[in-house]
Amino acid sequence: MRRSLLLAALALAACSTDPAPAPTPLVVEREPRVRVLLSKYTGVREAAIDLGSSLRIEAPDGSPLGTVPAGKGIVVAAGPPLQVGGITCPHPTVRLVPEADGSIGLGGTTYRGAVVVRARPEGLDLVDELPMEDYLAGVLGMEMPLDWSDEALSAQAIAARTYALHEIATSGRTDFDVHDTVQSQVYGGMKKDDATARRVIEATRGVYMVHGGKVLKAYFSSTCGGHTESAALVFGDEPTPPLAGSDCGACTASKYWRWSADFDGWFIAAKLSEAGHPTRGDIEAIEVVEPGPGGHGTDVRVRSSAGETTIQANAFRAALGYSTLRSTAFTATRTAAGFRFEGRGWGHGVGLCQNGAEGLARRGVKAREILLVYYPGVEFQQYRSGP
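Residues numbered from 1 in each chain as written. Predicted model: local features only at pLDDT ≥ 70, side-chain atom pairs only at ≥ 80, totals over all residues. Heavy atoms only, no water.

It is worth spelling out the pattern of salt bridges at this point. Overall, the coordinates contain 23 salt bridges when judged by the stated rule. Put simply, Glu31 and Arg205 hold a salt bridge, and the shortest N to O gap is 3.9 Å. Placement of the pair is Glu31 in the segment before β1 (33-37) and Arg205 in the loop between α3 (195-203) and β14 (207-211), with a sequence separation of 174 residues. Residue Glu129 pairs with Arg33 through a salt bridge whose shortest N-O separation is 3.5 Å. With Glu129 in strand β12 (residues 123-131) and Arg33 in strand β1, the pair connects residues that are 96 residues apart, well separated along the chain. A cluster of three or more residues bridged by salt bridges with shared partners is formed by Arg33, Arg56, Glu58, Arg95, Glu99 and Glu129. (Salt bridge = Lys/Arg side-chain N within 4 Å of Asp/Glu carboxyl O. Helix = DSSP H or I, 4+ residues; strand = E, 2+ residues; numbered from the N terminus.)

Now for the environment of Tyr383. Counting through the fold element by element, Tyr383 comes out in the segment after β24 (379-382). Residues Tyr383 and Arg30, spaced 353 residues apart in sequence, show a C-alpha to C-alpha distance of 5.0 Å. Those residues within four positions of Tyr383 in sequence are excluded, and the remaining contacts are Val28, Glu29, Arg30, Glu31, Pro32, Met132, Glu133, Arg161, Leu165, Gly206 and Tyr208. Here Glu133 takes part through its side chain, which lies 2.4 Å from a polar atom of the side chain of Tyr383. (Contact = heavy atoms within 4.5 Å. Polar contact = N/O pair within 3.5 Å; in protein donor to acceptor, adjacent residues only side chain to side chain.)

Let us now look at the packing of aromatic side chains. Within this structure, the stated rule accounts for twelve aromatic pairs. Measuring from ring centre to ring centre gives 6.0 Å for Trp266 and Phe267, while their planes differ by 85°; the resulting arrangement is edge-to-face. Take Trp266: its relative accessible area is 61%, and that puts it in the exposed class. Here the aromatic cluster, defined as three or more aromatic residues joined through ring pairs, consists of Phe263, Trp266, Phe267, Phe316, Phe330 and Phe341. Sitting above the plane of the Trp346 ring, Arg326 keeps its charged end 4.4 Å from the centroid. Here the basic side chain of Arg368 rests over the ring of Phe380, its NZ or CZ set 4.9 Å away from the ring centre. (Phe/Tyr/Trp six-rings, centres within 6.5 Å; stacked < 30°, edge-to-face > 60°. Buried < 20%, exposed > 50% of the residue type's maximum accessible area, 1.4 Å probe, protein only. Lys NZ or Arg CZ within 6 Å of the ring centre and 35° of its normal.)

Pairing within the open sheet is antiparallel, and its six strands lie in the order β7-β6-β5-β2-β9-β10. The sheet terminates laterally at β7 (87-88) and β10 (109-111), the two strands that pair on one side only. As paired elements, strand β6 (residues 83-84) and β7 share two bridges and run antiparallel to each other. The partner of Gln83 across the bridge, within β7, is Thr88. (Pairing = 2+ DSSP bridges.)

Turning our attention to the packing of helix α1 (residues 132-143) against helix α2 (residues 150-170). Close contact between α1 and α2 brings their axes to 10 Å; oriented N to C, the two are set at 125°. The angle between α1 and α2 places the two elements in the oblique class. Helix-helix and strand crossings are classified by hand; for α1 and α2 the assignment is right-handed. Where α1 approaches α2, its residues Met132, Glu133, Tyr135, Leu136, Val139, Leu140 and Glu143 are matched on the opposing element by Leu153, Gln156, Ala157, Ala160, Arg161, Ala164, Leu165 and Ile168. For the contact of α1 with α2, a count of residues per class yields eleven nonpolar, one polar and three charged. (Axes fitted to C-alpha atoms, helices over the stretch in contact; angles between N-to-C directions. Parallel < 35°, antiparallel > 145°, perpendicular 65-115°, else oblique. Left-handed = near helix turned anticlockwise from the far one by under 90°. Nonpolar A, V, L, I, M, F, W, Y, C, P; charged D, E, K, R; others polar.)

Turning next to the side chain of Glu143. Summarising the element assignment, Glu143 is placed in helix α1. Despite being buried, Glu143 has no salt bridge partner; Lys192 is the closest side chain of opposite charge, sitting 10 Å away. Within the structure, Glu143 has its side chain in polar contact with the backbone nitrogen of Val186 (distance 2.7 Å). When neighbours within four sequence positions are excluded, Glu143 is seen to be in contact with Gln156, Gln185, Val186, Phe220 and Gln354. (Lys, Arg positive; Asp, Glu negative; His and termini not counted.)

It is the contact of helix α5 (residues 265-274) with helix α6 (residues 313-320), at a shortest axis distance of 8 Å, that shows an interaxial angle of 115°. When the axis of α5 is compared with that of α6, the two are roughly perpendicular. Where α5 crosses over α6, the handedness of that crossing is right-handed. Packed against α5, whose contacting residues are Phe267, Ile268, Lys271 and Leu272, the element α6 presents Phe316, Ala319 and Leu320 at the interface. Here the contact of α5 with α6 is composed, by residue class, of six nonpolar, no polar and one charged.

Spelled out as structure tokens, the structure:
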């Protein structure tokens, strides 16, 4: 499928026996389309679709396979063969294209753009395909409260646009660009696509960040706890100055600036074992290994009566639960039943601190200045929308 992301130049890959990384665009000239994997429907055998307008069913080459009138609900079934509203499709992949500025409803959520339906032996994949600025209107309110300051929202919009551009160029995925979950950034279709979101998106239309001529992988998280962390430390990325970590000092109003959580020892052992990190004997100590300025480390060391094991820090947090172990910036102290974790921040702590952005905005700091606090050294570019 033809992509509308135009690359004015490509980063050169060094000679190596290892596979070359995907090139990152130096300049994005026009608004691209984004392909969003709708995770809720991955692998299902069928899905019910509500139509806000009449719908065209197209083959991969764009040839028509049928139409469905507005207001009618249809069922998509994986087959084989793939069935769409009772129409047998000769291809395992079709595009459902709403007429005019229509929409498609799935499971109570309404989506703009076309939905690509792909039937696989394991079930369906549904991918929402839409222009970048429409996509961002579905991201902004899912990632930041829309009643926050306009400058914080504008900073978030630019960061989200930059992150999506980076994913389009570098993910290497053939069938979609981004997930609709925190695995990329949360996309809710039209759930929070309202007048505020549209106003902020329009005010920042096409603006994104680059460093060294390349689109930045603009990570962001809820609360850094005082200092953002290095992407090289947290994710193992190549070191780059805008993602090396920055002093924040503006997120103290967040209830997750400091937090605590209690876990029974047996619960920790069971969760680690379920995640493929078994510990033998009673757990005696847990510590973050060589934490950075933000308190996060690459690994967590778990010492038990039978020895020690080292677990990647993000994997340790995932095992215990993201909603209870708010970050990997913690200390763990023995209690009678297990361990008390005392930590700072919520999330991985890399890039934009969302609560910090709101704190700075309330002090009168403008969106681009906020972004320069968390991504020092970046430059701003802007692509054109429309034809």
